[in-house]
Number of protein chains: 2
Amino acid sequence: MCATRCSGSLAVRYGTMRDNVINLKAVLANGDVVKTGSRARKSAAGYDLTRLMIGSEGTLGLITEVTLRLQKLPQYSVVAMCNFPTIKDAADVAISTMLSGIQVSRVELLDEVQIKAINIANGKNLPEVPTLMFEFIGTEAYAHEQTLLVQKIVGEHNGSDFVFVEDAEAKKELWQIRKEALWACFAMEPNFEAMISDVCVPLSRLAECISRSKQELDASPLVCTVIAHAGDGNFHTVILFDPNREEQRREAARLNHFMVHTALSMEGTCTGEHGVGTGKMKYLEEELGIEALRTMKRIKAALDPNNIMNPGKLIPPHVCL
Amino acid sequence: MCATRCSGSLAVRYGTMRDNVINLKAVLANGDVVKTGSRARKSAAGYDLTRLMIGSEGTLGLITEVTLRLQKLPQYSVVAMCNFPTIKDAADVAISTMLSGIQVSRVELLDEVQIKAINIANGKNLPEVPTLMFEFIGTEAYAHEQTLLVQKIVGEHNGSDFVFVEDAEAKKELWQIRKEALWACFAMEPNFEAMISDVCVPLSRLAECISRSKQELDASPLVCTVIAHAGDGNFHTVILFDPNREEQRREAARLNHFMVHTALSMEGTCTGEHGVGTGKMKYLEEELGIEALRTMKRIKAALDPNNIMNPGKLIPPHVCL
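Let me sum up the structure you'll find in this document. Since we're looking at a predicted model, the values are computed, not measured. (Residues numbered from 1 in each chain as written. Chains lettered and ligands numbered in written order. Predicted model: local features only at pLDDT ≥ 70, side-chain atom pairs only at ≥ 80, totals over all residues. Heavy atoms only, no water.)

## Quick look at the sheet that holds strand β3 (residues 61-68) of chain B
Thought 1: Read from one edge to the other, the open sheet built from three strands follows the order β2-β1-β3 (chain B), with strand pairing classed as antiparallel. The open sheet is flanked by β2 (33-35) and β3 of chain B, the only strands paired with a single partner. The sheet shows a mean angle of 20 degrees between the axes of neighbouring strands, direction not considered.
Thought 2: The sheet contact formed by strand β1 (residues 21-28) of chain B and β3(B) spans seven bridges and is antiparallel. Note on β3(B): the bridge partner recorded for B:Val27 is B:Leu62.
Thought 3: Seen against the sheet, helix α11 (residues 290-303) of chain A touches β1 and β2 of chain B and runs at an angle of roughly 90 degrees to β2(B). (Pairing = 2+ DSSP bridges. Helix = DSSP H or I, 4+ residues; strand = E, 2+ residues; numbered from the N terminus. Axes fitted to C-alpha atoms, helices over the stretch in contact; angles between N-to-C directions. Contact = heavy atoms within 4.5 Å.)

This is the structure:
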């Protein structure tokens with residue numbers, strides 16, 4: 001099992017996977033079984049081996065046990081949805097909501113192509129425009145109060161059709177839209193493959209980064225969708241291509257490359273959640289500098305001198321000790 | 001500058017220092033200046049060098065720059081305070097509050113000795129009993145709603161004299177009590193030194209751990225106070241002793257030792273915030289096992305082969321590569 005540094009969780013409030021792992025056990029290359037921490041919620045007892053292992057993609061050891069922090073189910077929740085004329089408007093609302101100090105629990109952005117995919121896959125009839133989905137939690141009164149505050153922000157940024165639901169079944173149905181987004185994409189092109197990529201930028205740059213990326217995606221002959229964990233400044237694209245057509249594969253790679261470079265030019269990261277693997281190794285030096293990569297390589301060499309743990313992943317081959 | 005893994009922050013909601021560092025720059029032993037991450041709020045781009053450096057106590061490199069995550073000041077806040085007949089009652093309320101799902105922003109516990117110190121230092125007349133202090137944030141209505149919910153929990157655990165304030169000056173004055181707690185201790189024994197220690201246990205064990213430690217502290221001839229970041233399961237003691245009397249220094253060390261062992265027996269950590277230094281090296285093997293310490297030593301040796309970065313700290317000398 002190989003935990004990534006960030007979960008694909010939709011929840012802004014509860015943080016990433018990294019924030020919710022209390023400790024873990026891992027088997028290292030030399031056979032040592034390492035327990036990385038106690039069960040206390042916080043600790044200053046030595047190097048943070050828990051965080052070092054999370055997102056190391058199996059290159060430092062095999063994770064065999066994880067202690068997770070439990071979160072109380074919220075007393076009450078409201079799920080809301082609304083539409084926008086442009087993706088920039090939608091991203092601006094996500095930013096304004098986060099900056100307003102409202103403790104929104106989830107804020108998810110779907111572009112019009114993604115909504116179209118959901119309509120095709122699930123026989124829905126949603127307006128095919130950029131869409132935001134929210135979850136507000138707390139007491140009943142507070143969840144309502146937040147809903148109204150965000151409704152006001154939505155109105156200030158050309159948003160429309162603001163709806164919210166409180167009934168358990170209705171909430172589940174609304175979130176289902178988001179949860180099945182990835183599979184819905186394949187309904188548009190059932191025989192195609194998908195290049196799935198994610199980047200993350202400082203929240204203040206999100207609208208600009210999504211808009212620029214979206215312009216390029218829209219101009220491409222390939223079908224591309226955008227889904228964002230907008231509260232974190234993190235967004236994903238699904239780029240569909242015919243695996244039998246080399247020029248489509250190259251075009252998908254070009255779009256991915258454009259998106260990553262746009263994010264890096266805004267002090268962002270080439271991957272917010274998905275990890276490096278082999279596909280994003282080539283961006284790490286631009287993002288972090290050779291010194292950081294050399295440091296990673298030294299750690300890797302110290303813990304796995306024979307390079308037997310998921311070799312060839314994460315650290316670019318040109319990095320020397 | 002050497003960041004610890006956890007800040008001494010009182011805020012439960014905003015997490016520890018570790019959670020609020022976006023990236024940092026550090027100079028390593030070989031002169032490499034390493035940037036540990038982008039400015040994105042989350043990233044899966046390689047090993048988490050940010051978290052590795054935080055709390056490494058200067059043994060891996062010198063931190064020269066830190067990018068912190070900013071938090072919006074809450075729209076509204078309420079500060080509350082209440083008294084309890086026993087420290088266990090107070091800890092039980094902190095646990096119940098956290099487990100209820102109430103998004104309390106701060107919950108601080110002070111024992112009767114600490115309150116006495118505050119009375120002496122600041123000419124106050126607070127009831128010298130175990131005391132809890134809370135901060136609730138959000139909208140005005142939500143802060144009030146939380147206040148009432150916690151007041152109910154307090155009533156269910158023998159709490160009394162529940163007061164809350166909303167006026168900015170009154171809130172500042174109330175928090176001042178907590179903020180000056182450490183210095184107030186010296187008002188009781190101006191010529192003494194203090195042994196200050198902290199441990200952290202799973203929240204569910206907090207009441208038991210504090211009660212057991214408190215029993216031992218109360219039975220000692222030394223004056224000892226307890227202050228807890230109760231929402232995190234983290235608590236501190238200040239043990240006052242005459243530096244000219246060796247038996248007092250030994251007694252302080254014995255109490256510290258007792259507290260650490262009590263925490264470790266409950267799957268806690270020997271230090272929640274303060275760090276290891278040299279004083280707590282001897283507890284690390286019991287807490288983490290020799291395999292974790294060997295892993296730390298390997299990382300240290302890989303990044304600082306000549307052992308020039310804060311040598312002799314954090315990793316116990318008996319640990320071999």
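The structure having been displayed, the exposition proceeds.
## Thoughts on the nonpolar core
Thought 1: In terms of nonpolar packing, the biggest core is built from 146 residues, with A:Phe134, A:Ile299 and B:Phe134 touching the most fellow members.
Thought 2: The contact partners of B:Phe134, leaving out residues within four places of it in the chain, are B:Val78, B:Val79, B:Ala80, B:Cys82, B:Val93, B:Thr97, B:Val104, B:Arg106, B:Val107, B:Val150, B:Val154 and B:Trp175.
Thought 3: Counting 20 residues, the second largest nonpolar core, distinct from the first, contains A:Val79, A:Leu110, A:Ile227 and A:Leu240. (Core = buried A, V, L, I, M, F, W, Y, C linked by side-chain atoms within 4.5 Å. Buried < 20%, exposed > 50% of the residue type's maximum accessible area, 1.4 Å probe, protein only.)

## Remarks on the relation of the copies chain A and chain B
Thought 1: After a rotation of 180 degrees and a shift along the axis of 0.0 Å, chain A superposes on chain B with an RMSD of 0.0 Å. Expressed as an axis order, the relation between the two copies is that of a two-fold axis.
Thought 2: Of all interface residues in chain A, 100% are interface residues in chain B too; the two copies therefore contact each other through one and the same surface. (Least-squares fit on C-alpha atoms with pLDDT ≥ 70 in both.)

## Here's the deal with the interface of chain A and chain B
A common way to report how large an interface is uses the accessible area buried once the components associate.
Thought 1: Taken residue by residue, the interface counts 78 residues in chain A and 78 residues in chain B.
Thought 2: In total, chain A and chain B occlude about 6600 Å² of area from one another, counting both sides; carbon and sulfur atoms represent 56% of this.
Thought 3: The salt bridge involving A:Lys42 is made with B:Glu273; its shortest N-O contact spans 2.8 Å.
Thought 4: The interface formed by chain A and chain B includes 24 residue pairs in polar contact (both at pLDDT 80 or more).
Thought 5: Listed by contribution, the elements that provide at least two residues to the side of chain A that touches chain B are α1 (17-20), β2 (33-35), α2 (49-53), α3 (87-99), α5 (140-156), α10 (281-288) and α11 of chain A.
Thought 6: Counting residues per element, the side of chain A that touches chain B draws most heavily on α11(A), which supplies 10 residues.
Thought 7: Residue composition of the side of chain A that touches chain B, grouped by class: 31 nonpolar, 25 polar and 22 charged. (Buried area = accessible area lost by both parts, 1.4 Å probe. Salt bridge = Lys/Arg side-chain N within 4 Å of Asp/Glu carboxyl O. Polar contact = N/O pair within 3.5 Å; in protein donor to acceptor, adjacent residues only side chain to side chain. Nonpolar A, V, L, I, M, F, W, Y, C, P; charged D, E, K, R; others polar.)

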